[in-house]
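Structural characterization, general
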Amino acid sequence: RKEVEQDPGPFNVPEGATVAFNCTYSNSASQSFFWYRQDCRKEPKLLMSVYSSGNEDGRFTAQLNRASQYISLLIRDSKLSDSATYLCVVNPSGGYNKLIFGAGTRLAVHP
Amino acid sequence: GAVVSQHPSWVICKSGTSVKIECRSLDFQATTMFWYRQFPKQSLMLMATSNEGSKATYEQGVEKDKFLINHASLTLSTLTVTSAHPEDSSFYICSASPQGSGQPQHFGDGTRLSIL
C-alpha cells in the first residue's frame, strides 16, 4: 500500500464549479499534512497546510480526519488558473522536513 | 522570500556520463537540504537528505554510490548522478528551508535529466 494515495483524475470541470479532492495516508502517527500544487514540468508550491480543525484560505478549504486517515481539499468557484496537479503531502514526524508526496490529482478547468 | 536555485534546469547527455546538479539557497542558510526524483505521472520520491558537513542520509533503495551528494557549505548541496543510464532519466528537484525557522520547504525549479 502506498504511503499517500490520491485519485489521479483528471478532473475536468467548467469554470465556477466546485471540486473536491481526497487523499488517504497509511501512517497513523503522521503529524503534518499539506496540499501542494504542481504545474506541468514545474516545482511543487505549497498551497496550504491542513489542520485538524479544518482550515480555509479564500476559495480553498482543507479538512483532516485523523481517525479515518483522510485529507480533503475543496476548491470553490474554480478558475482557469486552478488547472494543475494537486499533491497531498504528509510528514510522519511533523514540520516540513521529510515530506511524503502523493502522486497527485490532475485538475483541468475549462471555459 | 526564501529562494532556492537549482542548476542546470535541463540536461541531455550520453549514457555513461556523470552529471552534477547544484542546489543553492540564495538568501538563507540551510543545514539540511532534500533531493527528490519524479518520474512522469508519479509522485516526488525523496532520495536523500543532504546534511551540511556530514554524510547524506539515503532512502531505502537509493544507491549512495550512484547518487553522490555533497553539502560542503550552508548554501550549496550537489547531487552527482554517476555513470548515468537511460533509466536515470527523470526530474530531479531539491528543497530547503531556513534552518531553525520551521518554515515550509522551498523547492528549486528542478532539473530535467535525459540520458540517451
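Look a little higher up for the structure.
Let me sum up the structure you'll find in this document. Keep in mind the model is a prediction, meaning the values are calculated, not measured.

What counts and how
Residues numbered from 1 in each chain as written. Chains lettered and ligands numbered in written order. Predicted model: local features only at pLDDT ≥ 70, side-chain atom pairs only at ≥ 80, totals over all residues. Heavy atoms only, no water. Helix = DSSP H or I, 4+ residues; strand = E, 2+ residues; numbered from the N terminus. Buried < 20%, exposed > 50% of the residue type's maximum accessible area, 1.4 Å probe, protein only. Contact = heavy atoms within 4.5 Å. Salt bridge = Lys/Arg side-chain N within 4 Å of Asp/Glu carboxyl O. Buried area = accessible area lost by both parts, 1.4 Å probe. Polar contact = N/O pair within 3.5 Å; in protein donor to acceptor, adjacent residues only side chain to side chain. 1 Å grid on protein atoms, 1.4 Å probe; cavity = no way out; pocket = protein on both sides within 12 Å on 5 of 7 lines; lining within 4 Å. Points joined across faces, edges and corners; volume = space filled by probe spheres on them. Nonpolar A, V, L, I, M, F, W, Y, C, P; charged D, E, K, R; others polar.

All names here are of chain A. Mapped onto the fold, G16 is located in the loop between β2 (11-14) and β3 (19-25). Residue G16 is classed as partly exposed on the basis of its relative accessible area, which comes to 40%. Counting along the chain gives 56 residues from G16 to S72, while the straight-line C-alpha distance between them is 19 Å. Beyond its immediate chain neighbours, meaning those up to four positions away, G16 contacts D77 and S78.

Attention now moves to the pattern of salt bridges. Residues and elements named next belong to chain A. Summed over the entire model, instances satisfying the criterion amount to seven salt bridges over all chains. Residue R76 pairs with E56 through a salt bridge whose shortest N-O separation is 3.5 Å. Taken together, the positions of R76 in the loop between β8 (70-75) and β9 (84-91) and E56 in strand β6 (residues 55-57) put the pair 20 residues apart, joining distant regions of the chain. Since its relative accessible area comes to 26%, R76 is described here as partly exposed. K79 is the partner of D77 in a salt bridge, and the nearest nitrogen-oxygen pair spans 2.9 Å. You can call D77 partly exposed: its relative accessible area is 36%.

Much of the literature gives interface size as the accessible area that the parts lose upon coming together. With 15 residues of chain A in contact, the opposing surface of chain B contributes 20 residues. Taken together, the two surfaces of chain A and chain B that pack against each other cover about 1,400 Å², and 58% of this comes from carbon and sulfur. At the boundary of chain A with chain B, the tally comes to one residue pair in polar contact (both at pLDDT 80 or more). Of all elements in the fold, only β4 (32-38) and β5 (44-49) of chain A reach the threshold of two or more residues within the side of chain A that touches chain B.

To continue, consider the layout of surface pockets. Taken as a whole, the largest pocket encloses approximately 690 Å³ of empty space. Lining the largest pocket are 26 residues, and of these Q38, F39, P40, K41 and Q42 of chain B sit closest to its centre. Mapped onto the lining of the largest pocket, the elements with two or more residues apiece are β9 and β11 (105-110) of chain A together with β9 (90-96) and β11 (111-115) of chain B. Looking at the lining of the largest pocket residue by residue, the class counts come to 10 nonpolar, 10 polar and six charged. In this model, the second largest pocket occupies a volume close to 520 Å³. Together, 25 residues line the second largest pocket, and I100 and F101 of chain A together with S43, L44 and M45 of chain B are the ones closest to its centre. Within the residue set of the lining of the second largest pocket, elements represented by two or more residues are β1 (4-6) and β10 (100-101) of chain A together with β5 (45-51) of chain B. By residue class, the composition of the lining of the second largest pocket is 12 nonpolar, seven polar and six charged.

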